[in-house]
Amino acid sequence: MSILIQPHGGVLKELLVSDKEAEGLKAKARDYISWDLTERQMWDVEMLLTGAFSPLEGFMGKADYEACLKDMRLANGAIWTMPITLDVKEDFAGKISAGASVALRDPEGVLIAVLTVSDIWTPDKKAEAQAVFNSTDDIHPGINYLLNRSNNVYVGGRLAGVELPSHYDFKYLRNTPRELRDKFKKLGWTKVVAFQTRNPMHRAHQELTFRAAKSSEANLLIQPVVGMTKPGDIDHYSRIRCYEHLIKQYPEQTTMLSLLPLAMRMGGPREAVWHATIRKNYGCTHFIVGRHHADPGNDSKGKPFYGPYDAQDMLGKFQDELGVKMVAFPEMVYVQEKAEYQPSTEIEKGMTVLNISGTEFRRRLMEGLDIPDWFSYTEVVDELRRTYPPKKKQGFVVFMTGLSGSGKSTVANALMVKLMELGGRKVTLLDGDMVRKNLSSELGFSKEHRDLNIQRIGFVAAEIAKAGGIAICCPIAPYAATRRKVREDVSRWGGFIETFISTSVETCEARDRKGLYAKARAGIIKEFTGISDPYEAPQNPEITIDTKDCSPDEASQMILLKLEQMGYIK
Ligand code: PPS
């Protein structure tokens, strides 16, 4: 079957109402119940309102959701591979019913859109994970978000857009699908091949995009994702400064850089089809899919979630019907004898192939090591070095976790003094009791309150790491998913050293310095960790210390050695 390619896209469902209607909605919305959009929902709403998610006209109702999970289509048969749902808390869902109008607001309270509710339901999230991601292993960022971060009830319904979420950065690189289609038309670009990326681009990417444009006889759109990407990715500000250096290396008039406000799910094959659908909405005719497209990496047993070419196989099945042609590429590698990049599948025998993996590149960056010219442009590397100073200059967080009385605070105090003695960075101690007094005085010890307490500690610690300082945290932090969230937040800016103070409950109870275990046993203190409340021991902490076997001096020395081994202190 030949592919029906529509230059400048298919039907766009733009959901923003006219200025006059928007004024009317703003007035009416004062009486509507409000939902404060989460970060991911903000990105989804922006994509919906601009028509980037056409043919969706709002958050999916139950029939579309079920068809999407089962058949990768909407209920009317249109291809749609990724569920786009509005997740809300149970108590909020209890206050609305079908037909209700909900004011969707940004974190500052600005009205973004009005949702007319069609469906409200409680999804089986594990079944969703299995259907969409082919796994329930929450080491996968998309599954982690679904199972551990999203709210439990889904609300579907049409959207009437009042205004797009505002962005103050790189405005000149932000285009709606309508704007891009119009630009392509004006420039006479009838064939456009889109390149998606969430990483800085180096010479291999440049060669790949050159070849893709050449082989499809199309103009090139470099459209990096600036919404949510994989935790640990390089921030979009630094990446865009890099793309702006790189774009100068392309022939003028052939290539355009534009930002994509998408929250990725790292869903491999399904995600590739979704990305291609989105590109059609932006007026592209071709879409590049390389190795490991939107790949989440390995599962908790070390096995890849998806095969390297699963995404290409999946889009291959849908491209004709979708009307977007896939430009499939193997990995590009550098051939030393030829001093050029070539597809890994086309290398002649006896040639020397050079490659630097993403992990190796980051290691070199972090350790201030050489990055060869054949790999990247000096301007790009310099830009990244500005963002990622070597580890010995970065901030970091020593996050201790363990039972009450396990010795966290004592070790933390000893460590703080030793780090201050070393000098070079400011050190802040966020002790459990201290935080509860100063930051979380209204909180108790329910799961919800404990999570809130740890999120606050994580927020402050991440800010300290961002500013290049050291934070030592020592809460109980009994829940693994919450600790993981803190790790993700901190890792954006610096090191995260999870330190499991593994002292057993028997030892802690025998010590019972504050007399709390006795009170917990007597039932005077409820929900006491280790006695009447759970503690999920870390599975892969950077360091484990049992204070039964060592003094605070020795324990803090062990942490210092670990920090030195990891490169954070000299
Ligand atoms: S949590 O779960 O991380 O929010 O707990 P955290 O803020 O670290 O707890 C700080 C101290 O509160 C005392 N305490 C309790 N701990 C556990 N369970 C219950 N129900 C409880 N009630 C009070 C306890 O002494 C914790 O101090 P540490 O420093 O860990 O001994």
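The rules we used
Residues numbered from 1 in each chain as written. Predicted model: local features only at pLDDT ≥ 70, side-chain atom pairs only at ≥ 80, totals over all residues. Heavy atoms only, no water. Helix = DSSP H or I, 4+ residues; strand = E, 2+ residues; numbered from the N terminus. Rg over C-alpha atoms; globule rule 2.2 N^0.38 Å. Buried < 20%, exposed > 50% of the residue type's maximum accessible area, 1.4 Å probe, protein only. Core = buried A, V, L, I, M, F, W, Y, C linked by side-chain atoms within 4.5 Å. Domains from an automatic or database assignment. Contact = heavy atoms within 4.5 Å. Near = heavy atom within 4 Å. Polar contact = N/O pair within 3.5 Å; in protein donor to acceptor, adjacent residues only side chain to side chain. Areas by Shrake-Rupley, 256 points an atom, 1.4 Å probe, with all protein chains shown as cover. Buried area = accessible area lost by both parts, 1.4 Å probe.

1. What to know about the overall build of the protein chain
The helix and strand tally for the protein chain stands at 20 helices and 19 strands. The C-alpha radius of gyration computed for the protein chain amounts to 26 Å, which stays within 12% of the reference 25 Å derived for 570 residues, consistent with globular compactness. C-alpha atoms of the protein chain, sized along the principal axes, occupy 75 × 65 × 40 Å. Across the 570 residues of the protein chain, 54% fall into the buried class.

2. Describing the nonpolar core
Formed by 75 residues in total, the largest nonpolar core has its most connected members in Phe53, Trp80 and Leu104. Both of domain 1 (2–161) and domain 2 (171–260 + 266–387) provide at least three residues apiece to this core. Non-local contacts of Trp80, meaning those with residues more than four positions away in its chain, are made with Phe53, Ser54, Pro55, Leu56, Met60, Cys68, Met72, Arg73, Leu74, Trp274 and Thr277. The next biggest cluster of nonpolar side chains, apart from the first, holds 39 residues, and it includes Phe170, Leu173, Val327 and Leu384.

3. Some thoughts on unusual backbone geometry
Only a minority of non-glycine residues have a phi that is not negative, and only a minority of peptide bonds are not trans. In this structure, the amide linkage connecting Ser54 to the following residue, Pro55, adopts the cis form with an omega of 15 degrees. Among the secondary structure elements, Pro55 is positioned in the loop between α2 (39–50) and β2 (58–59). Of note, Gln253 is a non-glycine position whose phi angle comes to about 75 degrees, a positive value. Its place among the elements puts Gln253 in the loop between α9 (236–247) and β9 (255–257).

4. Focus: the site of the ligand
Ser404, Arg436, Arg450, Ile476 and Glu527 are the nearest of the 20 residues found near the ligand. The separation between a nitrogen atom of the ligand and a polar main-chain atom of Lys526 is 3.2 Å. Contacts to the ligand include Glu527, whose backbone N or O atom sits 2.7 Å from a nitrogen atom. Look at the ligand: alone it shows 620 Å² of surface, and the protein chains cover 93% of it.

5. Side note on the environment of Pro55
Residue classification places Pro55 among the partly exposed positions, given a relative accessible area of 32%. Between the C-alpha atom of Pro55 and that of Thr277, which follows or precedes it by 222 residues, the distance is 9.6 Å. The contacts of Pro55, once residues within four sequence positions are left out, are Lys13, Leu74, Ala78 and Trp80.

6. Things to note about the environment of Lys125
Relative to the helices and strands, Lys125 resides in helix α5 (residues 125–133). For Lys125 and Asn152, which are 27 residues apart along the polypeptide, the C-alpha to C-alpha distance reads 8.3 Å. Discounting chain neighbours no more than four positions away, the residues touching Lys125 are Leu146, Leu147, Ser150, Asn151 and Asn152. Within the structure, Lys125 has its side chain in polar contact with the backbone oxygen of Leu146 (distance 3.2 Å).

7. Some words on the domain arrangement of the protein chain
What the domain assignment lists for the protein chain is domain 1 (2–161), domain 2 (171–260 + 266–387) and domain 3 (391–566). The distance between the C-alpha centroids of domain 1 and domain 3 comes to 37 Å. On the side of domain 3, 4 residues touch domain 1, which itself brings 7 residues to the contact. The largest share of the area that domain 1 buries against domain 3 comes from Asn144, Asn148 and Arg149, three residues that together contribute 77% of it.

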